[in-house]
Amino acid sequence: MVEFVGAGCGAADLITLRGKRLIEEADVIIYAGSLVNPELLAYAKSDCEIYNSALMHLDEVIEIMKKAEVSGKTTVRLHTGDPCVYGAVREQMDRLEELGIEYSVTPGVSSFCGAAAALRAEYTLPDVSQTVILTRMAGRTPVPERESIESLAAHHATMVIFLSTGMLDELAKQLIAGGYSADTPAAIVYKATWSDEKIVRCTVGKLAEEARKNSISKTALITVGDFLGDDYALSKLYDKHFETGFRKAEDV
């Protein structure tokens, strides 16, 4: 059995209870060493075999899973955040299905959630934005042309941009070309929920400058949108004049 486990966004105590239990029970752990907090490995058994997938390619990862399966061992594949976002997890699951190896997925706290917590922000503010776009810049790995930063920026929704901290000059250009003004609120969240977390609040036009000033070049999320501002409407859910299935509206 292979258990894909979301390690959470940084702090070791932000893993789910299920995820922690699976790590404790695992005979083999393959973890994304470039991003997963190594403190999580302290939950593992003393005789657990541990492999760092940052040093491996896909075939090597699958080979370890195959050997563990033949030996009747349980493998935990520990991914950063939640495996469903930039986790390269589908290709692993497809290979396991071809091999007839059972697997399960345990979700984790994604870094975009950790960033919101660090910012003390709500991405979906009434009358501001009800849509969150998770995306990244095209780099060594391409992005479909229809999903360019410029085209997505035209929606003026909340944007959370992964894997793009080293391209902030170009990111800002594309955001502005798509319709955001240079003074649209933005924030750089470096290693959200880690002990060395850093938050830099700025504007779209100042993203690259502020990143350089704070020596941030990787392991950060970029958040963009008016959800970072101060103007928004109160929710209808808790409006005393708004009737719900649980509460009668008070008279105006």
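Relevant structure appears above.
Throughout what follows, the structure given in this document is the object of discussion. What you see as residue numbers is a count from 1 along each chain, following the sequence as written. The predicted origin of the model limits local features to residues at a pLDDT of at least 70 and limits the giving and counting of side-chain atom pairs to 80 or more, whereas totals for whole chains, interfaces and linings rest on all residues. With hydrogens and water excluded, all non-hydrogen atoms of the structure serve as input to the side-chain values.

Digging into the nonpolar core
- Among the nonpolar cores identified, the biggest contains 25 residues, and Met159, Leu171, Leu175, Ile188, Leu207, Ile222 and Val224 are the most heavily contacted of them.
- Among the elements of the structure, α5 (149-153), β7 (158-162), α6 (168-178), β8 (185-190), β9 (198-203), α7 (207-213) and β10 (220-224) are those that each provide at least two residues to this core.
- For the purposes of this entry, the term helix denotes a DSSP run of H or I that reaches at least four residues, the term strand denotes a run of E that reaches at least two, and both are numbered from the N terminus. Ranked by the residues each element gives to this core, the list is headed by α6, at four residues. The set of buried Ala, Val, Leu, Ile, Met, Phe, Trp, Tyr and Cys residues whose side-chain atoms join them within 4.5 Å is what this entry labels a nonpolar core. Accessibility here uses a 1.4 Å probe with only protein chains present; expressed as a share of the type maximum, an area under 20% marks a residue as buried, one over 50% as exposed, and anything in between as partly exposed.

A closer look at the sheet that holds β10
- One open sheet accounts for five strands, arranged β6-β7-β10-β8-β9; its pairing is mixed. Of all strands in the sheet, those with a lone pairing partner are β6 (132-136) and β9, marking the two edges. The mean inter-strand angle of the sheet, taken between neighbouring strand axes irrespective of direction, is 20°.
- In this scheme, strands are said to pair when DSSP sees at least two bridges between them. Summarising the sheet, β6 and β7 pair through five bridges and their orientation is parallel. Bridge assignment links arginine 136 to a residue of β7, and that residue is phenylalanine 162. In this analysis, axes come from line fits to C-alpha atoms, helices being fitted only over the stretch in contact, and the angle between any two N-to-C directions falls in the range 0 to 180 degrees.

A closer look at helix α4 (residues 111-119)
- Of the positions making up α4, those classed as buried are Gly114, Ala115, Ala116, Ala118 and Leu119.
- The contact definition used throughout considers only heavy atoms, calling two residues in contact when any of these lie within 4.5 Å. Taken together, the buried residues of α4 touch β8, β9 and β10.
- A positive backbone phi angle near 55° is found at arginine 120, which sits one or two residues after α4.

What to know about the packing of aromatic side chains
- Side-chain rings of Phe, Tyr and Trp (the six-membered ring for Trp) are treated as a pair once their centres are within 6.5 Å; stacked means planes under 30 degrees apart, edge-to-face means over 60, and tilted covers the remaining angles. The final tally for this structure, using the stated rule, is four aromatic pairs.
- Between the aromatic rings of phenylalanine 4 and tyrosine 103, the centroid separation amounts to 5.9 Å while the plane-to-plane angle is 85°, which identifies the pairing as edge-to-face. Of this pair, phenylalanine 4 sits in strand β1 (residues 2-6) while tyrosine 103 sits in strand β5 (residues 103-106); the two residues are 99 residues apart in sequence, bridging distant segments of the chain.
- With 6.3 Å between their ring centres and 25° between their planes, phenylalanine 112 and tyrosine 123 make a pair best called stacked. One end of the pair, phenylalanine 112, is in helix α4; the other, tyrosine 123, is in the loop between α4 and β6, and eleven residues separate them in sequence.
- For tyrosine 123, a relative accessible area of 8% translates into the label buried.

Concerning the state of the cysteines
- Note on terminology: pairs of cysteine sulfur atoms within 2.5 Å are recorded as disulfides. A complete count under the given rule lists zero disulfides for this structure.
- With no disulfide of its own, cysteine 9 has cysteine 113 as its nearest cysteine by sulfur position, at a separation of 7.5 Å.
- With no disulfide of its own, cysteine 84 lies 9.4 Å from the sulfur of cysteine 113, the closest cysteine sulfur.

Focus on the side chain of threonine 223
- On the secondary structure map, threonine 223 appears in strand β10.
- The contacts of threonine 223, once residues within four sequence positions are left out, are Leu119, Tyr123, Met159, Val160, Pro185, Ala186, Ala187 and Leu228.

Considering the side chain of serine 129
- Note on placement: serine 129 falls in the loop between α4 and β6.
- Pairs of N or O atoms are called polar contacts if they sit within 3.5 Å, as long as, within protein, a hydrogen donor faces a hydrogen acceptor (for residues adjacent in sequence, only side-chain-to-side-chain pairs). Here threonine 158 takes part through its backbone nitrogen, which lies 3.1 Å from a polar atom of the side chain of serine 129.
- Residues in contact with serine 129, not counting those within four places in the same chain, are Tyr123, Thr124, Ala157 and Thr158.

Some details on the packing of helix α2 (residues 58-70) against helix α3 (residues 90-99)
- Put simply, α2 and α3 touch, their axes get as near as 11 Å, and they point 45° apart. Here α2 is positioned oblique relative to α3, judged by the angle of their axes. Crossing of α2 against α3: the hand is right-handed. Of the residues in α3, those in contact with Leu58, Asp59, Val61, Ile62, Met65 and Lys66 of α2 are Glu91, Gln92, Arg95, Leu96 and Leu99.
- Ten residues, namely Ala, Val, Leu, Ile, Met, Phe, Trp, Tyr, Cys and Pro, are considered nonpolar, four, namely Asp, Glu, Lys and Arg, are considered charged, and the remaining ones, Gly among them, are considered polar. Its residues assigned to classes, the contact of α2 with α3 comprises six nonpolar, one polar and four charged. By definition in this entry, angles of less than 35 degrees are roughly parallel, angles greater than 145 are roughly antiparallel, angles of 65 to 115 are roughly perpendicular, and the rest are oblique. Two helices crossing with the near one rotated counterclockwise from the far one by less than a right angle form a left-handed crossing, whereas a clockwise rotation gives a right-handed crossing.

Observations concerning the environment of histidine 156
- Its location among the elements puts histidine 156 in the loop between α5 and β7.
- Since its relative accessible area comes to 43%, histidine 156 is described here as partly exposed.
- Measuring from C-alpha to C-alpha, the distance between histidine 156 and serine 34 comes to 32 Å, with 122 residues separating the pair along the chain.
- Residues contacting histidine 156, with those up to four places away along its chain left out, are Gly179 and Tyr180.

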